[in-house]
Amino acid sequence: MEYILETNQLEKTYHHFKAINDLNMHIGKGAIYGLIGKNGAGKTTLIRLICGLQNPTKGTYTIYGIQNTDKRILDVRKRMGAIIETPSIRLDATAEDNLKEQYRIMGLPSFDNLQEILKLVGLMDTGKKKAKHFSLGMKQRLGIAIALVGNPDFLILDEPINGLDPEGIIEIRELILKLNKEKGITFLISSHYLDELSKIATDYGFIENGRMIQEIPKEELEKKCKKRLELEVSNIKECVKYFEEKQFPYEVISNEKIYLYHIMNVTELAIALSEKNCIINKFEEKEESLESYYINLMGGDNHV
Amino acid sequence: MYKLLKANFFRLVKNKIFWGIVIITILIASFILLNTILNHQGEIKAGIDNILIMYINFIGIFIAMFTSLFVGTEYSDGALRNKIVIGHSRKHIYFANMMTSIVVGICIELIYILIITIVGIPTLGTLQMSTEKFLFIVLDIIFIIIAYASIFTCVTLLCSDITVSTVACIILVLVMLVVSMALSSTANATKYYETYSQNENGEIEVYQEPNPDYPGDFKKNVAKTILYCIPTGQASQIVSQVNKQPFQMIDYMSDNELKIAFLYSLGMTVCITGIGVYCFKRKDLK
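Keep in mind that what you see is a predicted model, and the values were worked out from it rather than measured. (Residues numbered from 1 in each chain as written. Chains lettered and ligands numbered in written order. Predicted model: local features only at pLDDT ≥ 70, side-chain atom pairs only at ≥ 80, totals over all residues. Heavy atoms only, no water.)

Okay, the nonpolar core next. Core analysis: the biggest nonpolar cluster contains 158 residues, and Met-25, Leu-188 and Phe-206 of chain A have the highest contact counts within it. In terms of residue count, the dominant contributor to this core is helix α7 (residues 131–158) of chain B (13 residues). Judged by nonpolar contacts, the second largest core, of 17 residues, contains Leu-231, Val-233, Ile-236 and Val-240 of chain A. (Core = buried A, V, L, I, M, F, W, Y, C linked by side-chain atoms within 4.5 Å. Buried < 20%, exposed > 50% of the residue type's maximum accessible area, 1.4 Å probe, protein only. Helix = DSSP H or I, 4+ residues; strand = E, 2+ residues; numbered from the N terminus.)

So this is what it looks like as structure tokens:
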């Protein structure tokens, strides 16, 4: 798989505090990667490292295959954009002037696509209104518009919906999906809002105390979060054979434990398995949301 | 770096701080001119030497204000972060900001000189000093501006808070002024001073007597070197040298020293910029 971003045992230490600790992350091309972690887990620090605002203490990262220690990393960065915490905008300038400045900073010869970008983020009609008079959602969209100058194919958004009203959240969500689908832009999005993230992310990374606890694609996570029967059986081989025969989706966890992702009557199942010399010792019906999955993953007593 | 400079200059055109400083410069030049013209009414034209270079005494505070606010805004609105994210090197960002401050410094100094020259020459007379000396003074002034810009760019880029960096830059100018004043008596002390007495024939005789407060050659040279390295110190020395009265027993900057004074500013600039770039490249940005 082609990775846009890879980190390899990345570490960032402030004095004696390890903000990022031996972190490995992989973001595939075209993905919307949701970075999930509680406050102080290291999300923003990780983004700052990737964006070149801070240098790693140990470890490396590669963007489009170019390592951070390579001088060519500066050229590669031209293909990315980012909004870290707050959008980088000139408050005393209009949306158009903000974009024009970005064109100049990037050394682009003309203001081609400027109107197209404004239209894309829905800021076409702001005219001479200065950015300081924009709503929070408009500022966030302007930040994304600035990041879109130069046609990047990798965007990093740190907490993009923080402080937005429901309408603003929907606007940003739709914009991200549109950019991902129409322009093929890869996203790295950190957020506290798990439910919101679950509506757009194609991959997830769970981070805790500066460590990557788990990276998981959406499909796999959905499978894990799906309603299931958690069974402890006496004869796992016969049980598997039965599920194969019936073409029920399942997952073997151990020699005794198996998850069945097919909701059926437990009595019927128990009878069917007993005919195959397999007894159900314990069963539990479970269904997880992204939030409960996250909390279970983090040990149950942490909260986002 | 050209792209960053271009973006900075476009921003400059719409920058209120820059235009505010330009207006203040025009007001200062007009006030100094008017004051000098009124004081010299009916006298022989004394020339514009004294007032032409006077602005270098004020320019530090304006460069401090401009640099800390203009460059500081880069931090506060996230533009600096944005430049790094899209692949501009920190070294280029540093030099582009420093160059912008230098250009602004030279620009306001030029505005002042132009006003004094255009209005001052017809009313107060032409330059009394030699063209060669004037050109060396201009060279020194340019390097003093560069030194100021390097100091304030360094402070502003190493301090992420715009309020703190603005206060720090202004305090720094004041500290440099105080240090310059404190050092000037040591640096300008003469070995001897002249006493005058009348002999029996009624003639005035001049005697040279040792100065009891003379700090010694070593101390004097150290004080002088520090004074020339500090932009405020060098500026005050140049202004005092031009304004020096014939009988003053103060050892101001000599004409030869005037010719090489820019080297002190250059040395200061290289050291400060070297330290600034080194630290800025390693600074953790938020």
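Interface extent is often summarised as the accessible area lost during association of the parts. Taken together, the 27 residues of chain B in the interface contact 28 residues of chain A. Here chain B and chain A share an interface that buries about 2,400 Å² over both sides, 50% of which is from carbon and sulfur atoms. Looking at the side of chain B facing chain A, the largest losses of area belong to Arg-81, Val-85 and Ile-86 of chain B, adding up to 27% of the total buried there. In this structure, the connection of chain B to chain A is made through four salt bridges. The residue Glu-74 of chain B makes a salt bridge to Arg-90 of chain A at a minimum N-O spacing of 3.2 Å. (Contact = heavy atoms within 4.5 Å. Buried area = accessible area lost by both parts, 1.4 Å probe. Salt bridge = Lys/Arg side-chain N within 4 Å of Asp/Glu carboxyl O.)

All names here are of chain A. On the basis of which strands lie adjacent, the open sheet formed by four strands has the order β12-β13-β11-β14 and antiparallel pairing. Two strands bound the open sheet, and with one partner strand each, they are β12 (250–252) and β14 (280–286). Between one strand axis and the next, the sheet turns by 20 degrees as a mean value, whatever way the strands run. Sheet topology places strand β11 (residues 228–233) next to strand β13 (residues 257–260); four bridges connect them, and they run antiparallel. Opposite Leu-229, over in β13, you have Leu-260 as the bridge partner. Of the strands in this sheet, β11, β13 and β14 are in contact with helix α10 (residues 266–275), which crosses β14 at around 150 degrees. (Pairing = 2+ DSSP bridges. Axes fitted to C-alpha atoms, helices over the stretch in contact; angles between N-to-C directions.)

Here we take up the packing of aromatic side chains. By the definition in use, this model includes 18 aromatic pairs over all chains. Residues Tyr-228 of chain B and Tyr-264 of chain B carry aromatic rings whose centres are separated by 5.2 Å and whose planes lie at 75 degrees to one another, so their mutual orientation is edge-to-face. In this pair, Tyr-228 of chain B sits in helix α9 (residues 217–229) while Tyr-264 of chain B sits in helix α11 (residues 255–282), placing the two residues 36 residues apart along the sequence. Ring pairing ties together the aromatic residues Tyr-204, Phe-206, Tyr-293 and Tyr-294 of chain A, which thus form one cluster. Of note, Arg-11 of chain B hangs over the ring of Phe-70 of chain B, and the distance from its end group to the ring centre comes to 3.8 Å. (Phe/Tyr/Trp six-rings, centres within 6.5 Å; stacked < 30°, edge-to-face > 60°. Lys NZ or Arg CZ within 6 Å of the ring centre and 35° of its normal.)

The next thing to look at is helix α8 (residues 162–187) of chain B. Residues and elements named next belong to chain B. For α8, built from 26 residues, the straight-helix expectation of 38 Å at 1.5 Å per residue is met to within 8% by its first-to-last C-alpha distance of 36 Å. Residues of α8 that are buried in the fold lie against α4 (59–76), α7, α9 and α10 (231–243). Of the residues flanking the start of α8, the one acting as N-cap is Asp-161, its side-chain oxygen 2.9 Å from the backbone nitrogen of Thr-163. (Expected span 1.5 Å × (residues − 1). Polar contact = N/O pair within 3.5 Å; in protein donor to acceptor, adjacent residues only side chain to side chain.)

Along the chain, Lys-283 of chain B turns up in the segment after α11. Here Lys-283 of chain B sits buried without a salt bridge, and the closest side chain of opposite charge, Asp-284 of chain B, lies 8.7 Å off (N-O distance). A distance of 3.2 Å separates a polar atom in the side chain of Lys-283 of chain B from a polar atom in the side chain of Ser-160 of chain B. With residues up to four places along the chain from it excluded, the contact list for Lys-283 of chain B reads Leu-53 of chain A together with Tyr-75, Arg-90, Leu-157, Leu-158 and Ser-160 of chain B. (Lys, Arg positive; Asp, Glu negative; His and termini not counted.)

With that settled, the discussion passes to a nonpolar patch on the surface. A contiguous nonpolar surface patch, about 290 Å² in accessible area, is contributed by Val-167, Ile-171, Val-175 and Val-179 of chain B. Along the chain, Val-175 of chain B falls in helix α8. (Patch = residues over 30% accessible without salt bridge, like charges linked within 9 Å, V, L, I, M, F, W, Y side chains within 5 Å. Areas by Shrake-Rupley, 256 points an atom, 1.4 Å probe, with all protein chains shown as cover.)

Our focus in this paragraph is the confidence of the model for chain A. Low-confidence regions, as indicated by low pLDDT, have predicted coordinates that should not be scrutinised in detail. Looking at chain A as a whole, the pLDDT averages 87, with 98% of positions reaching at least 70. For chain A, helix α11 (residues 290–297) of chain A is the element with the lowest average pLDDT, namely 79, and strand β4 (residues 58–63) of chain A is the one with the highest, namely 93. (pLDDT = per-residue confidence, 0-100.)

Compared with the 16 Å implied by 1.5 Å per residue over twelve residues, the 17 Å span of helix α1 (residues 2–13) of chain B between its first and last C-alpha is a close match. Listed in full, the buried residues belonging to α1 of chain B are Leu-4, Leu-5, Ala-7, Asn-8, Arg-11 and Leu-12 of chain B. The arc that holds the buried residues of α1 of chain B, viewed along the axis, is 165 degrees, so those residues lie on one side. In α1 of chain B, the exposed positions that point more than 90 degrees away from the buried face belong to Tyr-2 and Val-13 of chain B. Elements in contact with the buried residues of α1 of chain B: α3 (95–106) of chain A together with α2 (16–39), α4, α5 (79–85) and α6 (90–124) of chain B. (Arc of directions from axis to C-beta.)

All names here are of chain A. The sheet built from six strands is open, its strands ordered β6-β7-β8-β3-β9-β10 with mixed pairing. Two strands lie at the open edges of the sheet, namely β6 (80–83) and β10 (211–217), each paired on one side alone. Across the sheet, the mean angle separating the axes of adjacent strands is 15 degrees when strand polarity is ignored. Note: β6 against strand β7 (residues 154–158), four bridges, orientation parallel. Counted as the bridge partner of Met-80 is Phe-154 from β7. Helix-sheet contacts for helix α5 (residues 136–148) involve β6 and β7, and the interaxial angle to β6 is about 160 degrees. Against the sheet, α11 engages β3 (32–36), β9 (203–208) and β10, with an angle of about 40 degrees to β9.

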